[in-house]
Structures are given as C-alpha cells and as structure tokens.
Amino acid sequence: MDLNSPVSVIKGIGEKTAKTLNKIGVYTVRDILLRFPYSFLEYPEVTDIAASEDDVLVAIKGKVCAVPYKKGGKNDQVITRITDGTGNLSVLFFHMPYVKNNLHVGDTYVFYGKISRKNSNRALIQPKIFSEEEYNLVRKAPVPVYHLTQGLSNNAFTKYVKEALSFACLLDDYLPDSVITENKLSTKEDAIKTMHFPSDFNELIKARERIVFEEFFLFLLKIELNKESVLHNGIVFTHKNDVLKIADNLPFTLTNGQSNALNDILTDLESDIPMQRLLQGDVGSGKTIVAFLSMLDCAFSGHQSILMAPTEVLATQHYEKLCDFISTQELDFNVYLLTGSVTPKEKIRIKEAIQNDDTALVIGTHALLEEDVVLPKLGLVITDEQHRFGVKQRETMFLKGVNPHVLVMSATPIPRTLSIILYGDLKVSLITELPSNRIPIKNCVVNRSFRNKSYEFIENEVKAGHQAYIICPLVSESDGLDLCDTESYFKMMTDYYGDRVKVGILNGKMRNKDKTRIMENFKNKKIDVLISTTVVEVGVDVPNATVMMIENAERFGLSQLHQLRGRIGRGESQSYCIFMQGNNGEINKRLKILNESNDGFYIANMDLKLRGPGDIFGIRQSGELNFVVADIYNDAEILKTASNEVSKIKDAATISKYRELLQQQSLNL
Ligand code: ADP
Ligand code: MG
C-alpha cells in the first residue's frame, strides 16, 4: 500500500464510495490527503436563552421539556420545546421526522442554529443537535468543511481523511533540510495533518504557509531545471542606427516612453545574451510600432522574426500594418501571415517560403506554435498581449529558435517582482504616456432608458464621419438570459437605422475569413457601426472609431472593459465610451471606477481590491499555474522567499537528484 493506492484501501471506503470520490477527482490516497478543506467551522460558546440574539448562529444548551410531536402536512414538521433556566424556546425541524424519536424529554442537548422571531414568538429553526460531550469536542478545534458531492457527507469525508492521515508520513518532503530549518518550517507530515485538523487558526496559517512554500519551491525549481537546457549564446543584431533613423522619420514623433523602450530593446539586441524583455504599456500607448521597429533590426541583421497575437483578427491587422510599413519605408523584406484559417495548400506554400527566406517577418496566432514552421534563422520572437498566453506556450516558442531574443508585450500590469520570478530574468520597459495627440475619452454609465439617446448620439457621430462599436455579451439569443446578443441586436439596429447608418456584425461564431472581411470593411468605412462580441477586445486599432457602447456592461470584468474602451480614443477626435447597464438599478460600483478613470494601472489595482485578487492577469487561468493551495498574488512574499532558496541550490548532486525526480514526473506536492 502506498500513496498511489486507490482510495478503496482506506477503511470504510467501499466500491460505491470510491466511485463517488472519483467523481470529484479523488482517486488515490494521496488525492485524499491533498484535498484540503475549503473552510472551517468554529462553534460558538453556549449562550443562555434569555441572552441569545435572533438571526445569528447560536448554541443553546437546553433540556427538552415537551414531548416532540409531528405536525402533519406538506412541511412535515417536528416541534418541541426546551428550557435552560433562563427561558424557554420552541425548536422546529423540517423534513426530519426521525428527530421525534431521538430527543428525549428531560435530557439535555446542545442545539446549534439560528433563532427566528415571529411577533413575540421565538423559535430555533432546524438546529444541529449535539450531546454535551460531542459539543465540547467540536468546540475544541475548527471543524473542516470539504467540497462534497451527492452521496458524500462532510462527516464521511472527514473520517476518510483521518484514516488516510496514517499514510501522510509517506509523502516526500522535497525541501532541503537547510531550507526547513532556516525558514522555521514544520515537517510536511505535520503540515498536512494540520491543514485538515488544526487546533487553532494560527496553526492553520503556519501549516498553509509551509505547503505554499513547497509548492512554489517545486514550481520555481522546475523552471530553473528547464532553463539551463536552453541557455546558448545569442545572436548579435547590428543595425540599431538604421532603425533609429527610420524611427525618426515616422509620420508621428515617438513618445518618450516609446523612444526609451525602443532604445532598451535595440541595445539588448546588440548583445549576445538573448533578450528577455517585457514591454508594458496601457492600451493605445503604441506598442505595435516598437515591435515593428525591433523586427526591422532583426531583418536588417539577416534574421527571421515572429510576432504572435492571441486572435486572428489582431494577427491580420498586424500583418496589414506591417506590410504597409515595409512598403512605405521602401524596404525589400517579405511579410508572412500564418493563421488557422489559411488553407492547407496555402499553408504548405507559406511555410516553404518562410523556411527559405532568411529575413522573413512572420505574423501569426499561436497556431504558429503547433505548426511545424521551420525557422532556421529565427532571431526574435515577440508575443503581443502576453497575458493571453500561458507560460508553457512561451517556453515552446523559446525552444523553437536556437536562442532567439524574446520580447513580450502587455497592457496588463504584472507586478514587477512577480514577472521576474515567473519569467526569469525578465527586464521591463514601461510606456507610461499616451501619444500627445490624444484627447481623454469621455465616459458615462447609463441604464437602458438612455438607449434611444445613445442611438441618436451614435448617428450624429456617424454623420460627422466617425464610427462606433456596440458590444454585446452573447453571440446569439439565449433562453432564460436577459442579455444582449449580437444577432438580435444587429437585426434591431439595421431596422432602426435603415439606410442612414451601415451596420455590421462580428462574433466568434463566424468563420475567420468572414471575421477578417468584416474588420476590413469596418476599417474601410464600409461599416459605420459594428455590433460585436468581445472579439474586438484585444489590440484592434481603427482610430476613426469614436464611440464604444457596451451593453450589459455589468457582466464584464473591469480590466476587460478597460481593454474594450481602449479600442477608441486612438485618433485625434474626441471619443466616448457608454457603459450600458442591463438593469435599471443603481450604478454599479465597478462601473463607477471606469467612469472616473482612463488609467489602466489604477483600474487594475481597483479591480484587485474589489474582487480580491481574481484573475485579472490571466495567469491563474493559464493551467500551468494551478497550485493546490498557493496563490500567486496573495502569497507573493512566500514566492519571493522560495525563489531565493531555489537560487541558492548550487550543489551538483542535489541538482541531479532533482532532475531525476523531474524526469520521473514526481516532483509534485
Ligand atoms: P497598443 O499599445 O494598445 O498596442 P497601438 O500600437 O495599437 O497601441 O497604437 C495605437 C494607435 O496609436 C495606432 O493607431 C498607432 O498608429 C498610433 N500611434 C502609435 N504611436 C504614436 C505616436 N507616437 N503618436 C501618435 N500616434 C501614435
Ligand atoms: Mg496592441
């Protein structure tokens, strides 16, 4: 018997229970041990009936003073009365007919539940019943509460955990002894036990810290072990000055932030240490041109570069812009677009062409990663909207070239300490200002009664030669959901505007080819108002669009709304963002924040505050960072300490021991 034995080796778990446990992902003894409670119950001290409050959880020690009797009917109630010397109280049970036989007149029990008041009558409703002894026991320590499923009670699971704990000593402790001593950590066995059955909350916090520490330690260790195998000498680019000359002759002047970032990057590219840089700048700050210029340095130096975008719409847009850019600069490089919707035949042709083109500039979606694209002279890899990609994807990309320079771009602020730890020695360039020709976006939060006014407003903007987006949360109509969908909205707006305004529709259900065509039409002003889902959320750049109206705005996350808003305010005209609340209630707190500020960093911070550190950086969702207990944001301090400890491991024997474990795939909690 070991940790990988099926749960059925545990006393009390038969075949049927095993199946139930499998349903919630618990297959082995180890799984039980690592299925920690999501919460703990703390039972209160016993209160007197006379002093007890209504509507809060209380424990009353009372003697049953009336024979429990069943009141028939639908509700199937059992009623009794208790006394504790300070007063009397009715006790009511629903759908628990057996209670009648369990409670004996004259006996004393502890009842735990809420008291409800109707006029002057008070009654304890559906309380849990304990003997005095039992209650003293549960009072001693917090009681674990587990995620359950039908056919599995908390009591039962608690029992299985208790049984399984005798196997806890078999869990491997991967932390070196020195780390344990230095950081005053408990043993793993103790920590696991305490995670389930702490004697108090302080103990629980310490045990949790210990588990988090190990999770981070293992995670960082893996990154470290993987890193070594991809370290080579980098490629030296040699055309910084040529690129700077071009940068000086753009139709616009680069902002200070753009200039500095470009300088950072071009300097990195002159070195034979592969660049690892994050370019961070709010939506609309002009990251794309910096990426293009970096790609030029690569091509001038005789190497291939890749720019990856998270959506096909964005990739296509980048492709067109880069083609324009290359041709206005009268340069002789080829630009390629490789996305999922390219036909297989065409793909083969493009891949072949890329392979034989030493200075290819390649744009694509992450389909680029899956394809067997051969890039013998790959020198630079850029990912746009980095937060949309997972860490693993980035590693694959890195392995693709011999040792390309890597630039990642993101509008989403990742705390610097975190990014360094997660992405290794990642340097950061910040663009803090928007191009000077921008006028701040005007915002308003309104409810549906404002709709007609909005439509008129949009029509006037169209008359003035501008364009608008209207965003709906759904693609098509969905029963039971009172949310706007693009298809119905498109019909409605077409009817409403008639010939006066050209309306278009864009959503994720459409074929990529059609999406591209629609975006093309929008860009060329063949469409005035685009009804769309959030497919336009990232990166889309049509500076002539001046209105963004978001239906059911309350359904979206703050950062997402900020991204959407970033589609406007990109040109020299005044832009307007209308957050349309789907209900007629009070103005949503979150929407107020957007109304007050156009600053992405501020909004990300507020988002964090309001909903706790949710997934605004997309990191948690990315799969590779699914920790059992650890939380990359809340436990950032532990992450730092663990990172320190990992970097201290230099001893060859230890490293090779870890490497072996990694190969056996057993370097996990
Ligand atoms: P993001 O940082 O969100 O990716 P983009 O690179 O798409 O922003 O740039 C937004 C718009 O601003 C584009 O239309 C771009 O041509 C324009 N732009 C970029 N830099 C400048 C600048 N220095 N001055 C004026 N306009 C600029
Ligand atoms: Mg962009």
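Residues numbered from 1 in each chain as written. Chains lettered and ligands numbered in written order. Predicted model: local features only at pLDDT ≥ 70, side-chain atom pairs only at ≥ 80, totals over all residues. Heavy atoms only, no water.

Novice: So what about the overall build of the chain? Which residues, and what values?
Specialist: Within the chain, the regular secondary structure consists of 24 helices and 22 strands. Overall, the chain is about 100 × 70 × 45 Å in size when its C-alpha atoms are taken along their principal axes. Sorting the 669 residues of the chain into buried and exposed places 52% on the buried side. Taking the contacts inside the chain whose residues are at least 6 apart along the sequence as the reference set, 72% of them involve residues at least 24 apart. In the chain, 78 positive and 84 negative side-chain charges are present, and the distance between their average locations comes to 6 Å. (Helix = DSSP H or I, 4+ residues; strand = E, 2+ residues; numbered from the N terminus. Buried < 20%, exposed > 50% of the residue type's maximum accessible area, 1.4 Å probe, protein only. Contact = heavy atoms within 4.5 Å. Lys, Arg positive; Asp, Glu negative; His and termini not counted. Charge placed at Lys NZ, Arg CZ, Asp CG, Glu CD.)

Novice: Requested: an account of the site of ligand 1, with residues and values cited.
Specialist: Surrounding ligand 1, one finds 18 residues, the nearest of these being Gly284, Lys287, Thr288, Arg438 and Asp541. Measuring from a nitrogen atom of ligand 1, one finds a side-chain N or O atom of Gln258 at 2.9 Å. Residue Gly284 places a main-chain N or O atom 2.6 Å away from an oxygen atom belonging to ligand 1. Relative to its unbound accessible surface of 570 Å², ligand 1 loses 89% to contact with the protein. Looking at the shell around ligand 1 residue by residue, the class counts come to five nonpolar, eight polar and five charged. (Near = heavy atom within 4 Å. Polar contact = N/O pair within 3.5 Å; in protein donor to acceptor, adjacent residues only side chain to side chain. Areas by Shrake-Rupley, 256 points an atom, 1.4 Å probe, with all protein chains shown as cover. Nonpolar A, V, L, I, M, F, W, Y, C, P; charged D, E, K, R; others polar.)

Novice: Talk me through the sheet that holds strand S20 (residues 529–532); I want residue IDs and the actual numbers.
Specialist: Hydrogen bonding along the main chain pairs the strands of a sheet, whether they run parallel or antiparallel. Pairing is parallel across the open sheet formed by six strands, whose spatial order is S17-S22-S21-S18-S20-S19. On the outer flanks of this sheet lie strand S17 (442–447) and strand S19 (503–506), each paired with one strand and no other. For this sheet, the mean angle separating the axes of adjacent strands, direction not counted, is 20°. Where helix H19 (residues 512–523) meets the sheet, its contacts fall on strand S18 (467–471), S19, S20 and strand S21 (545–550), and the angle it forms with S19 comes to roughly 145°. Along the sheet, helix H20 (residues 558–565) makes contact with S17, S18, S21 and strand S22 (576–581), crossing S21 at roughly 150°. (Pairing = 2+ DSSP bridges. Axes fitted to C-alpha atoms, helices over the stretch in contact; angles between N-to-C directions.)

Novice: Requested: an account of the nonpolar core, with residues and values cited.
Specialist: One finds Ile32, Leu33, Phe216 and Phe217 to be the most contacted residues of the largest nonpolar core, which totals 59 residues. Formed by 41 residues, the second largest nonpolar core is a distinct cluster that contains Phe237, Val243, Ala315 and Ile363. (Core = buried A, V, L, I, M, F, W, Y, C linked by side-chain atoms within 4.5 Å.)

Novice: If you had to explain the domain arrangement of the chain to someone new, which residues and values would you point to?
Specialist: Interface size is commonly expressed as the accessible surface area that is lost when the partners come together. Looking at the chain, the domain boundaries give domain 1 (7–40 + 145–202), domain 2 (43–138), domain 3 (240–431) and domain 4 (442–597). One C-alpha centre belongs to domain 1, the other to domain 4; they are set 49 Å apart. (Domains from an automatic or database assignment.)

Novice: Quick rundown of helix H1 (residues 15–23)? Include the residues and the values.
Specialist: For an α-helix, the turn length of 3.6 residues means that residues three or four places apart are oriented alike. Inspection of H1 places Ala18, Thr20 and Leu21 among the buried residues, and these make up the whole buried set. Viewed along the axis of H1, the buried residues span an arc of 160°, placing them on a single side of the element. Looking at H1, the residues exposed on the side facing more than 90 degrees away from the buried face are Glu15, Lys16, Lys19 and Lys23. Turning to H1, the residues buried within the fold contact helix H5 (154–164). (Arc of directions from axis to C-beta.)

Novice: Give me the environment of Val179: which residues, what numbers.
Specialist: Residue placement: Val179 occurs in helix H6 (residues 177–182). Placed 284 residues apart in sequence, Val179 and Lys463 show a C-alpha to C-alpha distance of 69 Å. Once you skip the residues sitting within four places of it in the chain, Val179 turns out to touch Leu185, Phe213 and Glu645.

Novice: Report on the environment of Val475, specifying residues and quantitative values.
Specialist: Relative to the helices and strands, Val475 is located in the loop between S18 and helix H18 (486–497). When the C-alpha atoms of Val475 and Lys509 are compared, they prove to be 7.1 Å apart, with 34 residues separating the residues in sequence. Discounting residues that sit within four places of it in the chain, Val475 has contacts with Asp485, Thr486, Glu487, Asn507, Lys509 and Thr533.

Novice: I'd love a proper account of the pairing of S18, names of residues and values included.
Specialist: Most of S18 is tucked away: five of the five residues are buried. Side chains Gln467, Tyr469 and Ile471 of S18 all project onto a buried face; the interleaved residues Ala468 and Ile470 project onto the opposite face, where all are buried too. The sheet contact formed by S18 and S21 spans five bridges and is parallel. Across the sheet, residue Gln467 finds its bridge partner in S21, namely Ala545. As judged from the four bridges shared by S18 and S20, these two strands associate in the parallel manner. Its bridge partner being in S20, Ala468 is matched across the sheet by Val529.

Novice: Describe the packing of aromatic side chains, and please don't skip the residues or the numbers.
Specialist: Inspection of every chain in the model, using the stated rule, returns 15 aromatic pairs. Here the aromatic cluster, defined as three or more aromatic residues joined through ring pairs, consists of Tyr43, Tyr112, Phe130 and Tyr135. Over the aromatic face of Phe197 sits the side chain of Lys162, whose NZ or CZ is 5.2 Å from the ring centroid. The ring of Tyr658 carries the charged tip of Lys657 above its face, separated from the ring centre by 5.1 Å. (Phe/Tyr/Trp six-rings, centres within 6.5 Å; stacked < 30°, edge-to-face > 60°. Lys NZ or Arg CZ within 6 Å of the ring centre and 35° of its normal.)

Novice: Give me the side chain of His196: which residues, what numbers.
Specialist: Residue position: His196 is located in helix H7 (residues 188–196). Residue His196 is classed as buried on the basis of its relative accessible area, which comes to 0%. Here the side chain of His196 touches Leu33 through a polar contact of 2.8 Å, landing on its backbone oxygen. Not counting residues within four places of it along the chain, the set of residues in contact with His196 comprises Ile32, Leu33, Arg35, Phe36, Pro37, Phe40, Pro144, Tyr146, Val161 and Leu165.

Novice: Provide a residue-level description of unusual backbone geometry, including the pertinent values.
Specialist: A positive phi angle, near 65°, is found at Asp55, a position not held by glycine. Turning to its location among the elements, Asp55 is positioned in the loop between strand S2 (46–47) and strand S3 (57–64). Given the relative accessible area of 54%, Asp55 is considered exposed. Positive phi, close to 50°, is recorded for Glu330, a residue that is not glycine. By the element assignment, Glu330 lies in the loop between helix H12 (312–328) and strand S12 (335–338).

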